[in-house]
Amino acid sequence: MQKGISGMTSVTFRKKTVEQIIAIAVKANLKGIEWGSDVHVPVGNIDRARQVGEMTRAAGLSVFSYGA
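Residues numbered from 1 in each chain as written. Predicted model: local features only at pLDDT ≥ 70, side-chain atom pairs only at ≥ 80, totals over all residues. Heavy atoms only, no water.

Colleague: Go over the environment of W35, please, and point to the residues and values.
Modeller: Residue position: W35 is located in strand β2 (residues 32–36). Sequence spacing of W35 and I22 is 13 residues, and the spatial spacing of their C-alpha atoms is 10 Å. Ignoring any residue separated from it by four or fewer positions in sequence, one finds W35 in contact with S10, V18, I21, I22, H40, V41, V52, T56, V63, S65, Y66 and G67. (Helix = DSSP H or I, 4+ residues; strand = E, 2+ residues; numbered from the N terminus. Contact = heavy atoms within 4.5 Å.)

In structure tokens:
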């Protein structure tokens, strides 16, 4: 049986900060996060996207996708 890759979407936690979401994912032993464009990584904010990507990877997680 092949194991799946577990992750979460940030929009589930719109009221939490990026740091809080990363901490939740790490604590839950997830593999990555899909970041949403509505709150955490606003459309067109390339600097923020880079920052969130770096923070995610520094925590040992992958960026699975970018949700609009």
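Colleague: I'd like a description of the nonpolar core, backed by residues and values.
Modeller: Listed in full, the 11 residues of the largest apolar core are M8, V18, I21, I22, A25, L30, I33, W35, V41, V52 and L61. Contributions of two or more residues to this core are made by α1 (18–27) and β2. Residue contributions to this core peak at four residues, all from α1. Contacts of I22, omitting those with residues within four sequence positions, involve I33, W35, M55, T56, A59 and L61. (Core = buried A, V, L, I, M, F, W, Y, C linked by side-chain atoms within 4.5 Å. Buried < 20%, exposed > 50% of the residue type's maximum accessible area, 1.4 Å probe, protein only.)

Colleague: Describe the sheet that holds strand β1 (residues 7–9), with residues and values.
Modeller: Within the open sheet, the three strands sit side by side as β1-β2-β3. Their pairing is parallel. The open sheet terminates on both sides in strands that have one partner only, identified here as β1 and β3 (62–67). The mean inter-strand angle of the sheet, taken between neighbouring strand axes irrespective of direction, is 20°. Pairing of β2 with β3, which is carried by five bridges, proceeds in the parallel orientation. Across the sheet, the residue bridging to W35 is Y66, located in β3. The sheet contacts of helix α2 (residues 46–58) involve β2 and β3, and relative to β3 the element is tilted by about 145°. (Pairing = 2+ DSSP bridges. Axes fitted to C-alpha atoms, helices over the stretch in contact; angles between N-to-C directions.)

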